[in-house]
Amino acid sequence: MMQPSEGSSFPCATCGAALRFSPEYGGLVCDHCGNREPLPAGPVPPGSIPETAFRAGIEAQLPEAATELRRLGRCPNCGAEVGFDAAVHSSACPFCATPIVAGPDPARRIRPHAVAPFAVTGAAARAAMQRWLGGLWFAPSGLAAFARGGRALEGVYVPYWTFDAQTRTAYSGRRGTVCYETRPVTVRDAAGAMRTELRQVARVSWSAASGQVQRAFDDVLVLASHSLPEGHTEALLPWDLSLLQPYQPEFLAGFRSEAYSVTPDQGMGEARAYMDRMIDRDIRFDIGGDRQEVLAAQTEVSGQTFKHVLLPVWTAAYRFRGQSFRFVVNGQTGKVEGERPWSWVKIAAFFLALALLFGGGAWLMQNPDLLPWGQGQTPP
Ligand SMILES: [Zn+2]
Ligand SMILES: [Zn+2]
């Protein structure tokens with residue numbers, strides 16, 4: 001029987017405290033005694049992560065070695081399925097700070113193929129958040145001080161699928177060529193009289209077009225959960241997937257991880273929608289001309305494979321004056337995205353100042369006696 005590998009702690013050989021993966025060291029460190037332990041397997045060259053054939057990838061058909069048992073808890077608010085350490089039974093959701101309790105039984109999930117290890121340290125992510133919060137325009141006055149108040153971010157591995165496929169598409173459609181011809185057109189002139197003048201008129205002439213396009217898709221990336229809003233995850237793009245390393249649970253030490261809630265099938269559906277958009281562009285390029293119409297397209301897909309990958313995100317759900325906001329940092333690149341409070345008082349004051357400057361200012365110039373301090377006097 002496999003043991004739940006998720007977050008099973010890695011005790012320090014010297015003092016027994018829990019080791020954590022250190023982005024700076026690239027291995028495990030002990031915060032208690034300073035002991036360092038390298039990862040069991042060293043780094044691999046880019047592109048050497050094996051893929052799983054898609055047909056075999058439906059969970060029930062995978063061999064047990066390709067799956068793992070995990071203790072998971074589901075966030076009642078945002079739906080995130082978060083992994084739990086063996087000794088931990090409840091915690092706060094890393095995405096929305098709602099309390100989560102671990103489920104009674106471990107769940108079997110596809111084991112991640114690869115991990116993009118955290119490269120940005122927690123301290124760097126926190127500094128990025130402080131800079132971002134402190135540098136916002138029209139933020140409430142207390143926010144900069146709140147940002148300096150030093151709150152920790154949580155490192156979470158977010159689940160993704162990547163898909164490869166070769167496609168070959170036979171299409172039929174029409175190619176439109178725009179030509180201009182000079183034609184008499186009846187117009188009404190300024191005086192209201194009708195007259196005829198010669199004008200250049202565009203005309204599209206269509207001809208049949210058909211052919212075949214093909215494409216090799218590599219690592220089409222699909223988010224495998226819905227806990228972060230799409231705008232947030234899109235803002236974290238791009239990811240450097242050439243830095244993926246084969247999955248070792250040691251990478252997760254000291255971090256949290258989310259389990260996928262989008263199945264490989266659903267993920268493939270999303271990847272296919274993306275592939276179809278790319279294929280449509282290829283077809284239109286292939287048809288050429290000035291306008292294109294695609295009437296029919298038949299796509300054959302072969303060599304479908306997928307990978308389950310974990311990508312690193314620093315996240316904080318912060319509460320400011322009774323409202324909650326989310327903040328995320330790409331753990332690979334340090335790119336920042338967040339939700340923010342606005343100070344409506346500052347915004348109103350800004351527009352009032354603008355209005356005074358451009359509108360009211362001009363009006364006051366014409367009526368200087370209306371100034372509260374009167375004409376010819378210095379303002380108080
Ligand atoms: Zn130690
Ligand atoms: Zn949540």
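1. Concerning the overall build of the chain
Then comes step 1: Each helix and strand counted, the chain has 5 helices and 18 strands in total.
Then comes step 2: In the chain, which comprises 380 residues, the share counted as buried stands at 30%.
Then comes step 3: Intrachain contacts of the chain at a sequence separation of at least 6 include 73% that bridge at least 24 residues.

2. A few points about the sheet that holds strand S1 (residues 19–22)
Then comes step 1: An order of S1-S2-S3 is seen for the 3 strands of this open sheet, with the pairing classed as antiparallel. Single-partner strands in this sheet number two, and they are S1 and strand S3 (36–37).
Then comes step 2: Two elements, strand S2 (residues 27–30) and S3, share 2 bridges in a ladder whose sense is antiparallel. Of the residues in S3, the one forming a bridge with valine 29 is arginine 36.

3. Description of the environment of leucine 252
Then comes step 1: You can see leucine 252 is positioned in the loop between strand S14 (245–246) and strand S15 (256–259).
Then comes step 2: The sequence separation of leucine 252 and phenylalanine 21 amounts to 231 residues, and the corresponding C-alpha distance is 6.8 Å.

4. Structural notes on the nonpolar core
Then comes step 1: Membership of the largest hydrophobic core comes to 70 residues, with the highest contact counts inside it found for Tyr160 and Leu311.
Then comes step 2: A total of 9 residues in this core trace back to one element, the largest contributor, which is strand S16 (residues 291–320).

5. Some remarks on the pairing of S2
Each regular strand carries side chains that alternate between the two faces of the sheet.
Then comes step 1: When S1 meets S2, the two strands line up antiparallel, connected through 4 bridges. What sits directly across from leucine 19, in S2, is cysteine 30.
Then comes step 2: As consecutive antiparallel partners, S1 and S2 are separated by 4 residues, and within that stretch glycine 26 has a phi angle of approximately 75 degrees, a positive value.
Then comes step 3: Two successive antiparallel strands, S2 and S3, enclose a turn made up of 5 residues, where glycine 34 displays a positive phi of approximately 85 degrees.

Conventions adopted
- Residues numbered from 1 in each chain as written.
- Chains lettered and ligands numbered in written order.
- Predicted model: local features only at pLDDT ≥ 70, side-chain atom pairs only at ≥ 80, totals over all residues.
- Helix = DSSP H or I, 4+ residues; strand = E, 2+ residues; numbered from the N terminus.
- Buried ≥ 20, exposed ≤ 12 C-beta atoms within 10 Å, placed from the backbone.
- Contact = placed C-beta atoms within 7 Å.
- Pairing = 2+ DSSP bridges.
- Core = buried A, V, L, I, M, F, W, Y, C linked by C-beta atoms within 7 Å.

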